[in-house]
Amino acid sequence: MFKMLRCVMSTREATNKKLIRQTISVCAFSTNNRLLSGYDQENASESRRQSVAEYYAGKSVFITGGTGFLGKVLLERLLSTCGSIDKIYLLVREKKGQPIQVRLKQLLDVPLFDNLKRVKPSSLSKIVPIRGDIAKNKLEISGEDEGKLIEDVNVVFHSAATVKFTDDFRTMMTVNFEGTAKVLELSKQIINLDTFVYISTAFSNCNKPVIDEVIYPPPKPIGEVYKFIEKYGDNQEKINKFLDGLPNTYTFSKALCENLVKEKHGDLKTIIVRPSIVSPALQSSLPGWCDSWVAATATFSDVARGLTRVIYGSSDVTCNMIPVDYVCNLAIVAAARGNPSNETIVYNSCSYPTNSISWKHGADLYLEESLKHGRVPGSLRPRKVAVSTSPLVVSYLTFTRQTVPAFLADLWLRVRGQKPRHMQMQQRSVLLRDLLRDFTSTKLSFKMDRSQRLIATMSEEDKILFPCDPKTVNWKEYIKDFYNGVQKFMLRDK
Ligand SMILES: NC(=O)c1ccc[n+]([C@@H]2O[C@H](COP(=O)([O-])OP(=O)(O)OC[C@H]3O[C@@H](n4cnc5c(N)ncnc54)[C@H](OP(=O)(O)O)[C@@H]3O)[C@@H](O)[C@H]2O)c1
């Protein structure tokens, strides 16, 4: 086979790198089919032949959600590590009257891309913005753009979603569920699509104590969901009962999406990557990078600013976070390995059970790091966070440790003729804490056997280029970058 490959590669007519790459894939695939049985053996064998970057050479990918926290890092990682990637089509919607070119410029203006601009400025020209909106009919993509995607794309990463827990049920379904259906339908038309990767969430099945890398039955039949929304709209009490133990309509919608991908993928090769709580970057070109107040980021920062002094939970509940670059790298590697089967396969991208950190420990380390830099100006005095599963205790501690000091601090501001702000900040931090109650107080166990087998197929070079093994995270060290990242990129060191 290798002789044949060399021969093909030396043939002048085969200068088109896409053709060479296709030949590699075909040869590798036919060898696997002949000699190997079992998907994991196939993966292991493939990895000896092809590095992750080699897989992407000459390939084009389509990313939805590329303007988001995770999507930006995915884009940056692909451009930084896969030098011969052909094009990256980015779905961008017009927002607040800003055309997509302006949004793309804003996207690339963030510090995450500084290194790329310095080292490989030409790589940015590989980005092709595609105007579209997953909540709109036919994604609102023009016929011309649709044609480009159908002709050219090899891998789809569908990451776009609304992650706002406060969005109403109908919006969750329109954006997350129907949006995924539309992206899937478009993907089915793509001529040379190798893999469709759906970014789900590890909490899509958090009503189960152990979450394996399998797709569980949908929490409710889809017809029933729409009937419910029609009848009860946003009646929170009814919704809570309807969610089948899931904490919110976001996780519920993601569970439905997973089933949608499983049931409706047709001939597409599909992969689901399930990150837990996505936290700042660890090893990308910009350690600590983050631009989103996601669960752990907001909670730890509120603790350090003296806003949160008590959370729901017990001291041993894992803060199941995973650095954003680890999630993106796992998705990149998973797509490179592909899925030769017709079943949708799932990779959990979470903290590793034997290498994890609790909410309490994480918050304490973050506070410790923060105090090295002095108290945040204008904030209340921070103190170690208390944890309790008892609503009574949490309410009492909230009142005595948060509300009263905030009230007094505002009184003092008023006396000095200044605008009060502490009570308002209190309300926001309590709202956040309560929204995260299920996540901070529920013990969950995530299985990651398939992800570990995938990581085992990577060469040592690829493990350095695409770190994604949660076993290797040193949480104590990481929290330092985490803190610095939040200060620098979220709070701008104010
Ligand atoms: N962050 C986490 O902790 C976490 C954890 C587990 C799973 N996930 C999953 O990871 C994915 C990305 O999350 P994220 O944290 O990056 O969220 P994010 O920062 O809020 O980004 C969401 C992305 O989706 C896009 N989007 C939303 N509605 C859209 C629409 N109607 N049409 C087109 N694009 C739309 C947004 O575009 P605009 O810029 O135009 O708004 C943005 O690019 C999601 O699927 C989420 O469920 C995230």
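Presented here is an overview of the structure given in this document. In this text the structure is predicted, and so the values were computed from the model without any measurement. Every chain is numbered on its own, with residues counted from 1 as its sequence reads. In keeping with the predicted nature of the model, local features appear solely for residues at pLDDT of at least 70, side-chain atom pairs appear and are counted solely at 80 or more, and the whole-chain, interface and lining totals rest on all residues. As a rule here, side-chain values cover all heavy atoms of the structure and leave hydrogens and water aside.

**Focus on the packing of helix 9 (residues 169-189) against helix 12 (residues 249-264)**
Orientation is described by axes fitted as lines to C-alpha atoms, over the contacting stretch for helices, and by angles from 0 to 180 degrees between their N-to-C directions. In this text, helices come from DSSP runs of H or I with a minimum length of four residues, and strands from runs of E with a minimum of two, each type numbered from the N-terminal end. Running from N to C, helix 9 and helix 12 cross one another at 20 degrees; their axes reach a closest spacing of 9 Å. Considered as vectors, helix 9 and helix 12 are oriented roughly parallel to each other. Note that helix 9 runs across helix 12; the crossing there is right-handed. On helix 12, the residues that touch Phe169, Met172, Met173, Asn176, Phe177, Thr180, Ala181, Leu184 and Lys188 of helix 9 are Thr249, Tyr250, Phe252, Ser253, Lys254, Leu256, Cys257, Leu260, Val261 and Lys264. Small angles under 35 degrees read as roughly parallel and large ones over 145 as roughly antiparallel, with 65 to 115 read as roughly perpendicular and the rest as oblique. In a left-handed crossing the near helix is turned counterclockwise from the far helix by less than a right angle, and in a right-handed crossing that turn is clockwise. By the convention used here, residues are in contact when the closest approach between their heavy atoms is within 4.5 Å.

**With respect to a positive patch on the surface**
A contiguous patch of positive charge, built from Arg93, Lys95, Lys96 and Lys164, is present on the exposed surface. Relative to the helices and strands, Lys95 resides in the loop between strand 2 (87-92) and helix 6 (100-108). A relative accessible area of 35% places Lys95 in the partly exposed class. Candidate patch residues must exceed 30% relative accessible area and have no salt bridge, after which like charges are joined if within 9 Å and Val, Leu, Ile, Met, Phe, Trp or Tyr side chains if within 5 Å. Residue-level accessible areas treat just the shown protein chains as cover; the underlying method is Shrake-Rupley with a 1.4 Å probe. When a carboxyl oxygen of Asp or Glu is within 4 Å of a side-chain nitrogen of Lys or Arg, the pair counts as a salt bridge. Asp and Glu are treated as the negative residues and Lys and Arg as the positive ones, with His and the ends of the chain left uncounted. Charge placement uses NZ in Lys and CZ in Arg. For Asp and Glu, CG and CD serve respectively. The rule is simple: take the accessible area with a 1.4 Å probe, protein chains only, and divide by the maximum for that residue type; under 20% is buried, over 50% is exposed, in between is partly exposed.

**Thoughts on the packing of aromatic side chains**
Only centres within 6.5 Å qualify two rings of Phe, Tyr or Trp (six-membered ring in Trp) as a pair; their planes then separate them into stacked at under 30 degrees, edge-to-face at over 60, and tilted for everything else. Evaluated as defined, the whole model comprises 19 aromatic pairs. Ring centres of Phe165 and Phe439 lie 5.8 Å apart, and the angle between their planes is 25 degrees; on these two criteria the pair is classed as stacked. Within this pair, whereas Phe165 is found in the loop between strand 4 (155-158) and helix 9, its partner Phe439 is found in helix 18 (residues 437-441), the two being separated by 274 residues in sequence. Each ring, one from Phe203 and one from Phe446, has its centre 5.8 Å from the other, and the planes form 85 degrees; the classification is edge-to-face. Of the two residues, Phe203 sits in the loop between strand 5 (195-199) and strand 6 (210-211) while Phe446 sits in strand 13 (residues 445-446), which places them 243 residues apart along the sequence. Residue class for Phe203 comes out buried when judged on its relative accessible area of 7%.

**Some details on the site of the ligand**
We call a residue near a molecule or strand as soon as one heavy atom of that residue lies within 4 Å of the molecule or strand. Near the ligand lie 27 residues; those nearest to it are Thr67, Lys95, Arg103, Asp133 and Tyr250. Pairing of N or O atoms within 3.5 Å defines a polar contact, subject to two protein rules: one partner must be a possible hydrogen donor and the other a possible acceptor, and residues neighboring in sequence count only if both atoms are side-chain atoms. One of the side-chain nitrogen or oxygen atoms of Lys95 is found 2.7 Å away from an oxygen atom of the ligand. In the model, a nitrogen atom of the ligand is placed 2.6 Å from a nitrogen or oxygen of the Asp133 side chain. About the coverage of the ligand: the protein hides 90% of its 890 Å² of free accessible area. Elements represented by at least two residues in the shell around the ligand include exactly helix 5 (69-81), helix 12 and strand 8 (277-279). Partitioning the shell around the ligand into residue classes produces 14 nonpolar, eight polar and five charged. Put simply, Ala, Val, Leu, Ile, Met, Phe, Trp, Tyr, Cys and Pro go in the nonpolar bin, Asp, Glu, Lys and Arg in the charged bin, and everything else, Gly too, in the polar bin.

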